[in-house]
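In case you want the letters, here they are:
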Amino acid sequence: MSRLRRPFSSVRSRAALAATAVVAVALVAAAFALLFALRSNLTNEASGQADQFSNEVAQQIARHVPIGKLDLEGSEDHPTQVVDAKGRLLIASEDLAKITGTGVSAVRPPSPPSTTAPAPTPTPTPTPTGDDDDDDSGGDDDSGDDSDDDAPAPGAPADGTVSAPGKHRTGSATVDGRTVDYVFSERRVSDVAGGPYTVFTGSSLGPQQSAVRATTIAMAIGVPALLVVVGGVTWLVTRRALRPVEGIRREMAAITASEDLTRRVPEPQTHDEVAKLARTTNETLTALEASVDRQRRFVADASHELRSPIASLRTQLEVGEAHPELLDVPGAVADTVRLQQLAADLLLLARLDAGEQAGRTRLDLAALVREEVSQRSTDRIPVTADVRGSVEVAGSRGQLARVLGNLLDNAQRHAAGEVRATVRRERGQVVLAVADDGSGVPETERERIFERFVRLDDARSRDDGGAGLGLAIARDVAHRHGGTLEAGRGEAGGALFELRLPAAGRDPERPVPTGASALGAAPAQVLGDRRE
């Protein structure tokens, strides 16, 4: 069964088969319509000829031509019968041997037809009225009306009445030993002596049948040949159209086998769907290559960042094991905390990359800022909060607290002596701004600092600086909340970071998803304590 289906498993085969089937249906329908129209037209033409000949015979009877003297010339092509009111045959075509379809099967009359016209009933002559002398006095006047010169002579019978042709009948007749199908015309002649009479005259359907037969044979030969041509042309055209698709498939198979994401599929120099497919495929490969490169850099950078605190912690523990009096417990704790923070950052980034969405709990961002700032009263660089009233947003409290903490950590790391946090409402948005009085961020680097493991001050020691993940995490969380995070220049000349979030609407509070609940429930344990 699979071998039978294999020839029609390709798009090219199915397209050729479908096109052939559609054309076949159209041709068969057209053939039937053509044959029906041809048959109908030829039948109507034969019926018209039968009507014409029957009218000629009927007109002779109407003019009182004796039955035996009827002119049936041409009856070899138009077999004719004349019957009386009782259905008895009075005369028929000489060469007629057999007939069906007229209702009268006799082909020879029981007695010879009469060659004399029946005596007509004289027409009464109108009696003249008025003075004969007056009529005689005007007899020599040639100015009178002579419109009655063609009127029948007094006492002559009037012509009979010929009816319109009745319903046409089909049958057959044998003439000169040949049996052919005919269409018969029927006319009635009344108002004649011995009448009424019925005239049956036929016209051959042979030409019609021959034409229909020839047309049918031509179609029986031509339609299959045309279908073969249609199928072949469709096969070739589809093959040509799908050739770029096959090239794309082979190249994709080669890319998959080699795992070389720098290769690209060929793009046809056309503007059709195949060219769009090739361009989209290359765009997908470009995005995939960038994603793989980003993942590789992320793993390499993460390994590099993890190596330093782990190596330092191991060294301190080995020294402490050999010389307990030299063990630097505060340094080991600091390295452990740094390691914990880096692991928490990597865990959160992995969850964000996996598509974890923020919750939709309504929370007061102003209150969150006041709470976060109050826990930093003992920091080296104080934080001033300029927050008034209540401003609500929808999202995860734990993730937004993490964003605020990362922004404050970054500001305190680079500030000279002051960090300021403000919250305001602006055109349906809530804006959280964190500014410092440090050296600021160069304009050309204001987008680069949001990349992962990017730190602009390479001279700063790794112990004093971060791992370069805080701002990347903050922007990812902002995007998950439908907001933005941009860097600029503050009034004091330092860096200014503005987090813009949609203000909370009047939607009812919805429960936070499981992942976001875990992040928000215990940020100090799950994400690491940024307020060491």
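For clarity, every value in this text was computed on a predicted model and none was experimentally measured.

Novice: So what exactly am I meant to see when it comes to the overall build of the chain here?
Specialist: Within the chain one finds eleven helices and 14 strands. Evaluated residue by residue, the chain yields a buried proportion of 37% over its 532 residues. Just so you have it, the chain exposes about 31100 Å², and 54% of that area is on carbon and sulfur atoms.

Novice: When you look at the sheet that holds strand β14 (residues 495–502) in this model, what are you seeing that I'm missing?
Specialist: Hydrogen bonds along the backbone pair up the strands of a sheet, which may run parallel or antiparallel. On the basis of which strands lie adjacent, the open sheet formed by five strands has the order β9-β11-β12-β14-β13 and mixed pairing. A single partner strand is all that each edge strand has here, and the edge strands are β9 (383–386) and β13 (484–489). Neighbour to neighbour, the strand axes of the sheet diverge by 20 degrees on average, direction disregarded. Relative to β13, helix α9 (residues 470–480) is tilted by about 130 degrees, and along the sheet it contacts β13 and β14.

Novice: Hey, could you run me through the confidence of the model for the chain in this one?
Specialist: The predicted coordinates of low-pLDDT regions are not to be read in fine detail. Summing up the model confidence of the chain, the mean pLDDT is 78 and the portion of residues at 70 or higher is 82%. A low-confidence stretch, residues 458–463 stays under pLDDT 50, and its non-local contacts, those more than four residues away or across chains, total nine contacts.

Novice: Help me out: how do you make sense of the pattern of salt bridges in this one?
Specialist: Note on pairing: side chains with opposite charge can pair once their charged atoms come close. If you walk through the whole model with that rule in mind, you get 22 salt bridges. With its nearest N and O atoms 3.4 Å apart, the salt bridge here joins Arg 500 to Glu 498. Arg 500 gets classed as buried once you look at its relative accessible area, which sits at 19%.

Novice: Hey, could you run me through the packing of aromatic side chains in this one?
Specialist: Aromatic ring pairs: the centre-centre distance and the angle between the two ring planes describe each pair. One pass over the full model with this rule turns up two aromatic pairs. Between Phe 450 and Phe 497, the aromatic rings sit 6.2 Å apart at their centres with planes inclined by 85 degrees, giving edge-to-face as the arrangement. Within this pair, whereas Phe 450 is found in the loop between β12 (429–436) and α9, its partner Phe 497 is found in strand β14, the two being separated by 47 residues in sequence. You can call Phe 497 buried: its relative accessible area is 3%.

Novice: What am I meant to see in the UniProt feature "transmembrane region" (unreviewed entry) in the chain here?
Specialist: Annotation from UniProt places "transmembrane region" (unreviewed entry) at residues 217–237. From the first C-alpha to the last, residues 217–237 spans 30 Å; its make-up is 100% helix and 0% strand.

Novice: Can you help me understand α9 in this one?
Specialist: Because an α-helix packs 3.6 residues into every turn, residues spaced three or four apart end up facing the same way. Across the eleven residues of α9, nine count as buried, placing the element largely inside the fold. Taken from the residues just after α9, Gly 482 is the one with a positive phi, measuring 75 degrees.

Novice: What is the right way to read the packing of helix α4 (residues 206–258) against helix α5 (residues 273–322) from this model?
Specialist: Any two packed helices are characterised by the angle at which their axes cross and by the distance between the axes. Following both chains from N to C, one finds α4 and α5 inclined at 15 degrees, their axes separated by 10 Å at the closest point. When the interaxial angle is binned, α4 and α5 end up roughly parallel. The hand of the α4/α5 crossing is left-handed. Along the contact surface, α4 presents Ala 241, Pro 244, Val 245, Ile 248, Met 252 and Ile 255, while α5 presents Val 274, Leu 277, Ala 278, Thr 281 and Leu 285. Of the residues in the contact of α4 with α5, the class split is ten nonpolar, one polar and no charged.

Novice: Where do I start with a nonpolar patch on the surface in this structure?
Specialist: A surface patch of nonpolar side chains, amounting to about 330 Å² of accessible area, comprises Leu 226, Val 229, Val 233 and Val 237. The residue Val 237 is located in helix α4 in this model. Here Val 237 falls in the exposed class, since its relative accessible area comes to 52%.

Novice: Would you take a moment to explain unusual backbone geometry for this structure?
Specialist: Of note in this structure, His 64 is not a glycine but carries a positive phi near 70 degrees. Residue position: His 64 is located in the loop between α2 (11–62) and β1 (80–83). Judged by relative accessible area, which is 25%, His 64 ranks as partly exposed.

Novice: Would you explain the nonpolar core in this entry?
Specialist: The nonpolar side chains of a soluble globular protein tend to be buried, and buried together. Counting residues in hydrophobic clusters, the biggest one holds 48 residues, and the most contacted among them are Val 369, Val 419, Val 434, Leu 485 and Phe 497. In contact with Val 419, not counting residues within four places along its chain, are Ile 381, Pro 382, Val 383, Thr 384, Leu 408, Ala 411, Gln 412, Val 434, Ala 435 and Asp 436. Within the second largest apolar cluster, 14 residues are counted, among which are Val 57, Val 82, Val 189 and Tyr 197.

Novice: Mind showing me how you'd approach the pairing of β13 here?
Specialist: Note on strand geometry: in a regular strand, side chains alternate between the two faces of the sheet. Pairing between β13 and β14: six bridges, direction antiparallel. Across the sheet, the residue bridging to Glu 486 is Glu 498, located in β14.

Novice: Teacher, can you tell me more about the environment of Gly 494 here?
Specialist: For Gly 494, the location among the structural elements is in the loop between β13 and β14. Look past the residues within four positions of Gly 494 in its chain and what remains in contact with it is Asp 436, Asp 437, Gly 438, Gly 440, Gly 488 and Arg 489.

Novice: Looking at this structure, I do not really get the side chain of Gln 60. What am I missing?
Specialist: Note on placement: Gln 60 falls in helix α2. The residues touching Gln 60, leaving out its near neighbours within four places in the chain, are Val 65, Lys 69, Leu 70 and Asp 71.

Novice: What am I meant to see in the packing of helix α8 (residues 397–414) against α9 here?
Specialist: Running from amino to carboxyl end, α8 crosses α9 at an angle of 145 degrees, the nearest separation of the two axes being 9 Å. The two elements α8 and α9 meet at a crossing, and its hand is left-handed. Touching Gln 399, Arg 402, Val 403, Asn 406, Leu 407 and Asn 410 of α8 are Gly 470, Leu 471, Ile 473, Ala 474 and Val 477, all from α9. For the contact of α8 with α9, the per-class residue count stands at six nonpolar, four polar and one charged.

Novice: Whenever I open this one, the environment of Asp 409 confuses me. Can you help?
Specialist: With respect to the secondary-structure elements, Asp 409 resides in helix α8. You can call Asp 409 buried: its relative accessible area is 11%. Sequence separation between Asp 409 and Ile 381 is 28 residues; the distance between their C-alpha atoms is 9.9 Å.

Novice: Explain helix α6 (residues 329–353) to me, please; I cannot follow it from the model alone.
Specialist: Under the 1.5 Å per step criterion, the end-to-end length of α6 is 36 Å for 25 residues, consistent within 8% with the ideal 36 Å. Following α6 by one or two positions, Gly 355 has its phi on the positive side, about 90 degrees.

Reading the values: rules and limits
Residues numbered from 1 in each chain as written. Predicted model: local features only at pLDDT ≥ 70, side-chain atom pairs only at ≥ 80, totals over all residues. Heavy atoms only, no water. Helix = DSSP H or I, 4+ residues; strand = E, 2+ residues; numbered from the N terminus. Buried < 20%, exposed > 50% of the residue type's maximum accessible area, 1.4 Å probe, protein only. Areas by Shrake-Rupley, 256 points an atom, 1.4 Å probe, with all protein chains shown as cover. Pairing = 2+ DSSP bridges. Axes fitted to C-alpha atoms, helices over the stretch in contact; angles between N-to-C directions. Contact = heavy atoms within 4.5 Å. pLDDT = per-residue confidence, 0-100. Salt bridge = Lys/Arg side-chain N within 4 Å of Asp/Glu carboxyl O. Phe/Tyr/Trp six-rings, centres within 6.5 Å; stacked < 30°, edge-to-face > 60°. UniProt positions renumbered as here; feature names shortened; annotations may be inferred. Parallel < 35°, antiparallel > 145°, perpendicular 65-115°, else oblique. Left-handed = near helix turned anticlockwise from the far one by under 90°. Nonpolar A, V, L, I, M, F, W, Y, C, P; charged D, E, K, R; others polar. Patch = residues over 30% accessible without salt bridge, like charges linked within 9 Å, V, L, I, M, F, W, Y side chains within 5 Å. Core = buried A, V, L, I, M, F, W, Y, C linked by side-chain atoms within 4.5 Å. Expected span 1.5 Å × (residues − 1).

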